[in-house]
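Architecture and fold: a report
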Amino acid sequence: MKNVAVLLSGCGNRDGSEIREAVLTLLALDEAGVRVQCLAPDMLQTRVTSHLTGTSVEGRRQVLEEAARIARGEIRDVAGARAADYDALIVPGGLGAALNLSDFALKGSGMTVHPAVLSFARTLHSAGKPVGLICIAPVLAPAIAGTGVRYTLGDAPDVEAKVDAMGGHHVRCAVTECIVDAAHKVVSTPAYMYGDARVSEVATGIRKLVAAVLEMA
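Residues numbered from 1 in each chain as written. Predicted model: local features only at pLDDT ≥ 70, side-chain atom pairs only at ≥ 80, totals over all residues. Heavy atoms only, no water.

To continue, consider the overall build of the chain. The secondary structure content of the chain amounts to eight helices and nine strands. Here the C-alpha radius of gyration of the chain, 15 Å, is about what a compact globule of 217 residues would show, namely 17 Å. Expressed along its principal axes, the backbone C-alpha trace of the chain runs to roughly 45 × 35 × 35 Å. Pairs at least 24 residues apart make up 68% of the contacts formed inside the chain by residues separated by at least 6 positions. Per element, the accessible surface of the chain, about 9,300 Å² overall, is 49% carbon and sulfur. Distance from the positive charge centre (21 side chains) to the negative charge centre (23 side chains) of the chain: 2 Å. (Helix = DSSP H or I, 4+ residues; strand = E, 2+ residues; numbered from the N terminus. Rg over C-alpha atoms; globule rule 2.2 N^0.38 Å. Contact = heavy atoms within 4.5 Å. Areas by Shrake-Rupley, 256 points an atom, 1.4 Å probe, with all protein chains shown as cover. Lys, Arg positive; Asp, Glu negative; His and termini not counted. Charge placed at Lys NZ, Arg CZ, Asp CG, Glu CD.)

Listed below in structure tokens is the structure:
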């Protein structure tokens, strides 16, 4: 039985993991009959946002604790995870991927990736194992897989330009599809980069991504 790591970045699309994308990923993996382990970095969120108003609010939240809400408590600190224990990695979107897993939302093409996240992802990928990136998470693709990696953010020219400046190669993609870079073993799908997408459309793209990742694992 394959063992897949799902890397979360908090809880909620504005400052953590996009909950629908995370749940749809977990559902598709469960339907495929694989073992799943949720991971997250043990760190404070870069910012806290009201999901009702969309504005920043006072307070401090911890990424691992917030992500545990999605994982129903079954979660581990990515810093203590061994890449050798997993056959693949999938990262749902949500702004936490660009705020907590990396600082892309603040620094664009000059971004850095959280050290424990980068170490785990690179070690896994360097062992020839595939990585799936959803929604905004493909901003991590060049850092994980290197120059020339093909990825998609759907149709987001301003963001694409910054990721391409880091060595990525953007490919336009519908919400119901995914882009498979077999050479770099990276699969991506736009999901809620299309803000008006229906849940069923996002689910279709994520199921295709999960299938492609598992086929390469």
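Here the narrative resumes, following the displayed structure.
The strand order across the open sheet formed by seven strands is S3-S2-S1-S4-S5-S9-S8, and the pairing between neighbours is mixed. The two strands at the open ends of the sheet, each matched to only one other strand, are strand S3 (75-77) and strand S8 (179-181). Taken over all neighbouring pairs, the strand axes of this sheet differ in orientation by 25° on average, direction set aside. Alignment of strand S4 (residues 88-91) against strand S5 (residues 131-134), held across three bridges, turns out to be parallel. Of the residues in S5, the one forming a bridge with Val91 is Leu133. (Pairing = 2+ DSSP bridges. Axes fitted to C-alpha atoms, helices over the stretch in contact; angles between N-to-C directions.)

Now for the packing of aromatic side chains. Summed over the entire model, instances satisfying the criterion amount to one aromatic pair. Between Tyr86 and Phe120 the ring centres are 5.8 Å apart and the planes differ by 70°, which places this aromatic pair in the edge-to-face class. On the criterion of sequence distance, the pair formed by Tyr86 in the loop between S3 and S4 and Phe120 in helix H5 (residues 115-126) is long-range, its members being 34 residues apart. For Tyr86, a relative accessible area of 2% corresponds to the buried category. Overall, Phe120 belongs to the buried group, its relative accessible area being 4%. (Phe/Tyr/Trp six-rings, centres within 6.5 Å; stacked < 30°, edge-to-face > 60°. Buried < 20%, exposed > 50% of the residue type's maximum accessible area, 1.4 Å probe, protein only.)

Judged by which residues are buried, S5 turns out to be covered on both faces: Val131 and Leu133 on one side and Gly132 and Ile134 on the other are all buried. The sheet contact formed by S5 and strand S9 (residues 186-189) spans four bridges and is parallel. When the bridges of S9 are listed, Leu133 appears paired with Ser188.

This brings us to the nonpolar core. Proteins that are soluble and globular tend to have nonpolar side chains buried together. Of all hydrophobic cores here, the largest spans 75 residues; its most connected members are Ile75, Leu89 and Phe120. For this core, the leading source of residues is helix H8 (residues 199-216), giving nine residues. If we skip the residues at most four places from it in the chain, Ile75 touches Leu8, Gln37, Cys38, Leu39, Ala40, Leu64, Ala67 and Ala68. (Core = buried A, V, L, I, M, F, W, Y, C linked by side-chain atoms within 4.5 Å.)

Turning to the pattern of salt bridges, a few remarks are in order. Per the stated rule, a full pass over the model turns up eight salt bridges. In this structure, the salt-bridge partner of Arg172 is Glu160, at a minimum N-O distance of 2.7 Å. Here Arg172, found in the loop between strand S7 (169-170) and S8, pairs with Glu160, found in helix H7 (residues 157-165); they are twelve residues apart in sequence, far enough to count as distant. Given a relative accessible area of 6%, Glu160 falls into the buried group. Residue Lys208 pairs with Glu177 through a salt bridge whose shortest N-O separation is 2.9 Å. In this pair, Lys208 is assigned in helix H8 and Glu177 in the loop between S7 and S8, connecting sequence segments 31 residues apart. Because the salt bridges share partners, they merge into one network encompassing Asp155, Glu160 and Arg172. (Salt bridge = Lys/Arg side-chain N within 4 Å of Asp/Glu carboxyl O.)

Read these as layout, nothing more, since geometry by itself doesn't imply function.
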